[in-house]
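# Coordinate inspection notes
Residue-level listing of the chains:
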2 protein chains.
Amino acid sequence: MSSVEARNRRRRATVKDVALEAGVSRGTVSRVLNGQPYVSEDARTAIDAAIAKVGFIPNRAARSLVLQRSQAIGLIVHEPHSLFVEDPNIGSILMGANAALSEADYQMSTLIADTPRDVDRLARYLSGGLIDGVIIVSARVGDPITEAVARLDLPATFVGRPRDIGSAASVAIDNRDSARRITNRLLATGRRRVGMIAAALDRDSGADRLAGFVDAVGGRFDAELVERVPLYSYSDGQRGMRTLLARCPDVDGIFASSDAVAAGAMDVLQSEGRRIPDDVGIVGFDDSSWAMRCDPPLSTVHQPATELGRAAAESVLRQLRGVSDESEGRQLECPIVWRGSA
Amino acid sequence: MSSVEARNRRRRATVKDVALEAGVSRGTVSRVLNGQPYVSEDARTAIDAAIAKVGFIPNRAARSLVLQRSQAIGLIVHEPHSLFVEDPNIGSILMGANAALSEADYQMSTLIADTPRDVDRLARYLSGGLIDGVIIVSARVGDPITEAVARLDLPATFVGRPRDIGSAASVAIDNRDSARRITNRLLATGRRRVGMIAAALDRDSGADRLAGFVDAVGGRFDAELVERVPLYSYSDGQRGMRTLLARCPDVDGIFASSDAVAAGAMDVLQSEGRRIPDDVGIVGFDDSSWAMRCDPPLSTVHQPATELGRAAAESVLRQLRGVSDESEGRQLECPIVWRGSA
DNA sequence: CTCGGATCTGTGAACGTGCACAGATCCGTA
DNA sequence: TACGGATCTGTGCACGTTCACAGATCCGAG
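The structure displayed is predicted, hence computed values, not measured ones. (Residues numbered from 1 in each chain as written. Chains lettered and ligands numbered in written order. Predicted model: local features only at pLDDT ≥ 70, side-chain atom pairs only at ≥ 80, totals over all residues.)

### Quick word on the protein's contact with DNA strand C
Note the cut-off: The C-beta atom of each residue is placed using the backbone, and any residue whose C-beta lies within 6 Å of a molecule or strand is treated as near it. Only DSSP runs of H or I reaching four residues or more are called helices, and only runs of E reaching two or more are called strands; each is numbered from the N terminus. In the scheme used here, Gly and all other residues not listed as nonpolar or charged are polar, with Ala, Val, Leu, Ile, Met, Phe, Trp, Tyr, Cys and Pro taken as nonpolar and Asp, Glu, Lys and Arg as charged.
Neighbouring DNA strand C are 27 residues, the closest being Ser25, Gly27 and Val66 of chain A together with Thr14 and Asn59 of chain B. Elements with a contribution of two residues or more to the surface near DNA strand C: helix H3 (26–33), helix H4 (41–54) and helix H5 (60–67) of chain A together with helix H3 (26–33) and helix H5 (60–67) of chain B. In terms of residues, the surface near DNA strand C owes the most to one element, H5 of chain B, which gives five residues. Counted by class, the surface near DNA strand C contains 13 nonpolar, nine polar and five charged residues.

### Points about the packing of helix H10 (residues 175–187) of chain A against helix H11 (residues 204–217) of chain A
Packed helices, taken two at a time, are described by the angle between their axes plus the distance between the axes. Residues and elements named next belong to chain A. Note the cut-off: In this description, a line fitted to the C-alpha atoms serves as the axis of each element, helices being fitted only across the stretch in contact, and the angle between N-to-C directions of two axes falls anywhere from 0 to 180 degrees. For classification purposes, angles smaller than 35 degrees are called roughly parallel, those larger than 145 roughly antiparallel, those between 65 and 115 roughly perpendicular, and all remaining angles oblique. For any pair of crossing helices, the crossing counts as left-handed if the nearer helix is rotated counterclockwise from the farther one by less than a right angle, and right-handed if it is rotated clockwise. Placing C-beta atoms from the backbone, we regard two residues as in contact once those atoms come within 7 Å.
Running from N to C, H10 and H11 cross one another at 40°; their axes reach a closest spacing of 7 Å. With respect to each other, H10 and H11 are oriented oblique. Once H10 is placed against H11, the crossing between them reads as right-handed. When H10 is examined against H11, the residues Asn175, Arg176, Asp177, Ser178, Ala179, Arg180, Thr183, Asn184 and Leu187 are found in contact with a partner set consisting of Ser205, Asp208, Arg209, Ala211, Gly212, Phe213, Asp215, Ala216 and Val217. By residue class, the composition of the contact of H10 with H11 is six nonpolar, six polar and six charged.

### Thoughts on the UniProt feature "domain: HTH lacI-type" (unreviewed entry) in chain A
Threshold: UniProt positions are given in the numbering used here, feature names are shortened, and annotations may be inferred rather than shown by experiment.
UniProt tags residues 13–67 of chain A as "domain: HTH lacI-type" (unreviewed entry). Its end C-alpha atoms 20 Å apart, residues 13–67 of chain A is made of 69% helix and 0% strand.

### Quick word on the relation of the copies chain A and chain B
For the record, the criterion: Here the copies are superposed with least squares, the fitted atoms being C-alpha atoms of residues at a pLDDT of at least 70 in both.
Rotating chain A by 180° about the axis while translating it 0.1 Å along that axis superimposes it on chain B, leaving an RMSD of 0.2 Å. Here the two chains are linked by the operation of a two-fold rotation axis. An overlap of 100% is found between the interface residues of chain A and their copies at the interface of chain B, pointing to a shared contact surface.

### Considering the domain arrangement of chain A
This is how it is decided: Each domain's limits were defined by an automated method or a database of domain assignments.
Under the domain assignment, chain A is made up of domain 1 (3–67), domain 2 (72–173 + 306–333) and domain 3 (175–301). Computed from C-alpha atoms alone, the centre-to-centre distance between domain 1 of chain A and domain 3 of chain A is 62 Å.

As structure tokens, then:
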């Protein structure tokens, strides 16, 4: 009958079908599937042929159920809408993590948490046993996702290091030290009045970059030279620069919290007639696509985003294998890229 | 023994545990879990309490196995590295799709296919029964992922419409019509020598945008005024503009294949001393963050990226419910955003 | 020829859930 | 009281895989 036919057509081949086709038992098929020893050459070739013939593909749900693991790890991006779209690093982090996981034959599954509803569903999903571990990008302090992951004891590694994650594994850059180093470099060009456009102070990265700046200027610190803006954005860079320039017309050096901020600041400086780097030197942070687009090209701190993703993935894989969890968190070097803007 | 204790501590609560705790059977627990009728008020409250007490969370692998569905849909991004990082629309597509799926209580899982190895693993993953349907972003002609999805008969919807997908569902914009409309608008400002920097002609979107341009200029078409470049990028915009300007110094209007291309072209034009829009009018495509960043801000075609994601998600959900698959593909409107650059 | 180990194979149980079915209880009506 | 229907509950099987175990065969050494 046609309904039976339809059902047969739909029905996916199982190990049983392969066994029947090859004239052996399920156990033997399972052994060749998992590359185990103790299977005769005859059986092996018969089974390989049968697999090809019936078009067998293992059912991952059944496999996960019995093995209690899924060979998939989640990459959780917990960002409000706008940031996910604009963050210059996130794409590279994804690619780096994907590359490392791919080499270990793990499937990476990127999970987005945008609304509170997403967070709930995601927490349930993670508890469902379809994910062996997670990489968490840009968690915030007090983040409900962070709590959910802690409750289940999933292997997890954070990219970036919010202050409340305790001894969890993390891979991060040292924002403070990097900010200090590039500010020192800017100071070394002989500037006397170096200011900062400090963005995103509600995030650890933003606060740390400001702290590094303060470290570097040391005794010469002048609060007037720091302008605070909410976001790592081009337009906040413009706004910040206008205010700072009005307050301190004698400024001759700028450390911007991000490349986008620097680009905005540069445009304002140039339309006010300041020459870069002659009148004002400016440096940024990220080494994103903005940096090369500036004229002159921007000197900046290179964020090893691809490597961050890769290192985070490797950390999760180590935890999965039960090797040391290297609790205290790893920090990656951020080379300074010196171009023409300072 | 401590090992037993450890095992107990790890072991996740199951329906059986809940049933034991509540003093009922597995069947009754299952009924309340799935909101079925015919369960007494007493049993219901006892079970709710038991679920909370033992911290029960359903195992999704077991559920998928018996139900033959997973309540998860995959969003496949098949892009070489650089494009994923730079594509201005992809983030918005993700967010739009995620929002729609979230409302239907589906988990979205973004899957990246970068290397050929990724493609293989992804195809196996998709066959594994852990994914009920897929949204495919930026597939290419002859794409192996496209073939893999066709082989399994997973519900699938494409964002964008490669020519070889036959009657599969898709959600796309009309690149040709949009290009025609914005070119007409540019022509209507009184330009006599309107050229195009045509990027990515190996992609459908690139080829269609050129076709729309040709449609619009009609009889006035002059092949010299079209410069072809490989990528939708800022630097290809610069390169293309330099070549075009050298060949046709009298050009007074430019349609660039993308905003990034337009931005590159604008910088070259301005450093050659051409005033925008007085000497040369320029328009782009995408309405990405580049557009507002230009000075003057760029007139461009708005891509409804969020809506594309949402519509694709809804299409997959409809297929899952068995409703009409609306085979021929849907097209979304692209409003023209007129700013100062033309 | 017998024994023991290595090699190969099949069978049953388990993973955690949903569903069909059968059985039990309750209540209103004839 | 007896009956039929509605309501509620428990049990066994199925989903597709892996694994432990037991049984079968082979081969070389004593």
